[in-house]
Amino acid sequence: MDLLDKFDSIVALRTSLPFEKADPFKVVMDEILSETEAVINGRRTILAGTNNYMGMTFHEDALAAGKEALEKFGTGTTGSRVLNGTYGGHKLLEETLADFYGMEHCMVFSTGYQANLGMISALGGKDDFIIIDADSHASIYDGCSMSNATIVRFKHNDVDHMERRLKRLPADAGKLVVVEGIYSMLGDTAPLKEMLEVAKKYGCMTLVDEAHSMGFCGPNGRGVAEALGVEHLADFIVGTFSKSVGTIGGFAVSNHPKFDVLRFVSRPYIFTASLPPSVVATATASIKAIKNNGNRRAHLWENARRLHAGLKKAGFNLATAEAESPIIAVHLPDPMIGTRFWEQLLMEGVYANMAAPPATPSGVFLMRVSVCAQHTAEQIDEIIARFIRTAKIINMDF
Ligand code: PMP
């Protein structure tokens, strides 16, 4: 019995796609020229499919802090946060984040994936319920699988459906509602105010994943909960350093007085090595810079609106009626066209994400385009022009 046989259908699907010149799942960035450009297959390419929303990957404070920490503290901690892996820098990062969110407590994890895994698995005990949006990120689903709780799903962003689900659960049971601020594939925003209010009406605790909304939503860039004025209804906010912050790592912040106990019960926090000092210093510098960077935030939103308006005017079928985030998703009719579109767009010198099931909701195929605060208006116009040219070259009806 070959244990890999069970993946034959996936291999068959992948080999059936008509890629000739490049494979969307094996792209190599040969050189990174800036936050917005790379060399791919020897061609200068505009990056329009990263999560580098605030363009912090080359921010001078972040670079300088990372280099200094590398020299001073070495390349890695070689240990868990609860043993030898907590340096002064990790504590400073936690304080910086608690301050950024105006919350009492913060725990830093080695990735955002692990932050969700660690929080959700620890919070969801045997007799508890975890209530999640059906389109939740894999890390939320995996946190649920790792917990001992019963999982209840409601339709994406559907407050009524969520309430109907909550009504049926025992009033006195432990309940955790988990939602995201912005959903990463369609770039749509959650009706967080209504959702958190309904969650509280039914006595639930709440966790909001602001992975794709930190940095540019709300007056201080804290996310959708801040933008909608409902941070007080979120018991836990989870986020990542791998998107707007421009490095790697994850975190959870909270005002819960017992929050710190999670450091002793959350397995994805305990049983893995902590972030290297250079990454921790980079993240700290980046978060401080983001906090005071209203200009970048404003420019990012201008870019998002410009791209959305340009693609809409050209006739593309977009996932949201307006730009709700820096993620602008273009619907493509089927995997064959999706494949050819993605490949031709890359030949035109634009990298965007080809998004396909199971990563996308309802089995749709998307070109996921995302903008960066450092894109110029000219680059945004180029992306639009090259989208139109690509559609013409492959004879796509749209
Ligand atoms: N939550 C959401 C909603 C995400 O989209 C992601 C990453 N794509 C994560 C968590 C995990 O973040 P990280 O890359 O830091 O593991």
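Just so we're clear, the structure is a prediction, and the values are computed from it rather than from any experiment. (Residues numbered from 1 in each chain as written. Predicted model: local features only at pLDDT ≥ 70, side-chain atom pairs only at ≥ 80, totals over all residues.)

A. Expanded view of the confidence of the model for the protein chain. Put simply, the protein chain has an average pLDDT of 96, and 100% of its residues get 70 or more. Here the complex is predicted with pTM 0.97, and the ipTM for its interfaces comes to 0.99. (pLDDT = per-residue confidence, 0-100.)

B. Inspection of the packing of helix α2 (residues 60-73) against helix α11 (residues 277-291) at higher detail. Interhelical geometry of α2 versus α11 gives an angle of 155° and a closest axis separation of 7 Å. Taken together, the axes of α2 and α11 lie roughly antiparallel to each other. For the pair α2 and α11, the crossing hand works out as right-handed. Between α2 and α11, the contacting residues are Asp61, Ala62, Ala65, Gly66, Glu68, Ala69, Leu70 and Phe73 on the first element and Pro277, Ser278, Val280, Ala281, Thr282, Thr284, Ala285, Ser286 and Ala289 on the second. (Axes fitted to C-alpha atoms, helices over the stretch in contact; angles between N-to-C directions. Helix = DSSP H or I, 4+ residues; strand = E, 2+ residues; numbered from the N terminus. Parallel < 35°, antiparallel > 145°, perpendicular 65-115°, else oblique. Left-handed = near helix turned anticlockwise from the far one by under 90°. Contact = placed C-beta atoms within 7 Å.)

C. Up close: helix α7 (residues 192-201). Among the residues making up α7, those that are buried are Leu192, Met195, Leu196 and Ala199. Down the axis, α7 shows its buried residues gathered within 90° of arc, on one side only. Contacts made by the buried residues of α7 are with α6 (159-167), β7 (175-180), β8 (205-209) and α8 (224-227). (Buried ≥ 20, exposed ≤ 12 C-beta atoms within 10 Å, placed from the backbone. Arc of directions from axis to C-beta.)

D. Representation of the packing of helix α3 (residues 88-101) against α11. At a minimum axis distance of 9 Å, the contact between α3 and α11 shows a crossing angle of 20°. Our classification of the angle between α3 and α11 gives roughly parallel. For the pair α3 and α11, the crossing hand works out as left-handed. Residues Gly89, His90, Leu92, Leu93, Thr96, Leu97 and Phe100 of α3 lie in contact with α11, whose contacting residues are Pro277, Val280, Ala281, Ala283, Thr284, Ile287, Lys288 and Lys291.

E. Main features of the site of the ligand. Around the ligand sit 14 residues in total, of which Gly112, Tyr113, His137, Ala211 and Thr240 are the nearest. Of the residues belonging to the shell around the ligand, the class tally is two nonpolar, ten polar and two charged. (Near = placed C-beta within 6 Å. Nonpolar A, V, L, I, M, F, W, Y, C, P; charged D, E, K, R; others polar.)

F. Representation of the sheet that holds β8. Taken together, the seven strands give an open sheet; going across it, the order is β4-β10-β9-β8-β7-β5-β6, and neighbouring strands pair in mixed fashion. Sheet topology places β4 (105-109) and β6 (150-154) at the edges, where each strand pairs with a single neighbour. Averaged over all neighbouring strand pairs, the angle between strand axes comes to 20°, with direction disregarded. Where strand β5 (residues 129-133) meets β7, four bridges bridge the pair, whose relative direction is parallel. Opposite Ile131, over in β7, you have Val177 as the bridge partner. Strands β4, β9 (236-240) and β10 (250-254) of the sheet are contacted by α3, whose axis makes an angle of about 130° with β4. (Pairing = 2+ DSSP bridges.)

G. Focus on the pairing of β9. By the criterion of burial, β9 is predominantly enclosed, with five of the five residues buried. The sheet contact formed by β8 and β9 spans three bridges and is parallel. Note on β9: the bridge partner recorded for Leu207 is Phe236. Alignment of β9 against β10, held across five bridges, turns out to be antiparallel. Bridging across to β10, Val238 finds its partner in Ala252.

H. Structural detail: the UniProt feature "domain: Aminotransferase class I/classII large" (unreviewed entry) in the protein chain. According to UniProt, the positions carrying the feature "domain: Aminotransferase class I/classII large" (unreviewed entry) are residues 49-387. Taken end to end, residues 49-387 comprises 41% helix and 16% strand; its first and last C-alpha atoms sit 13 Å apart. (UniProt positions renumbered as here; feature names shortened; annotations may be inferred.)

I. Quick look at the environment of Glu210. Position of Glu210 relative to the elements: it lies in the loop between β8 and α8. Those residues in contact with Glu210 that lie beyond four places of it in its chain are Gly181, Gly223, Val224, Ala225, Ile237 and Gly239.

J. Fine view of the pairing of β6. Relative to β6, β5 runs parallel, the two being bridged by five bridges. Residue pairing for β6: Ile130 is matched across the bridge by Ile151. Once you follow β5 into helix α5 (residues 138-146) and on to β6, the crossover reads as right-handed. (Right-handed = clockwise from strand over helix to strand, strands pointing away.)

K. How the structure looks around unusual backbone geometry. Positioned with a positive phi, Asn41 is a non-glycine residue whose angle comes to about 50°. Mapped onto the fold, Asn41 is located in the loop between β2 (37-40) and β3 (43-47). Asn41 gets classed as exposed once you count the C-beta atoms within 10 Å, which come to 12. The phi dihedral of Asn157 falls on the positive side, at around 55°, and the residue is not glycine. With respect to the secondary-structure elements, Asn157 resides in the loop between β6 and α6. Taking the C-beta count within 10 Å as the criterion, Asn157 has 21 such neighbours and is therefore assigned buried.

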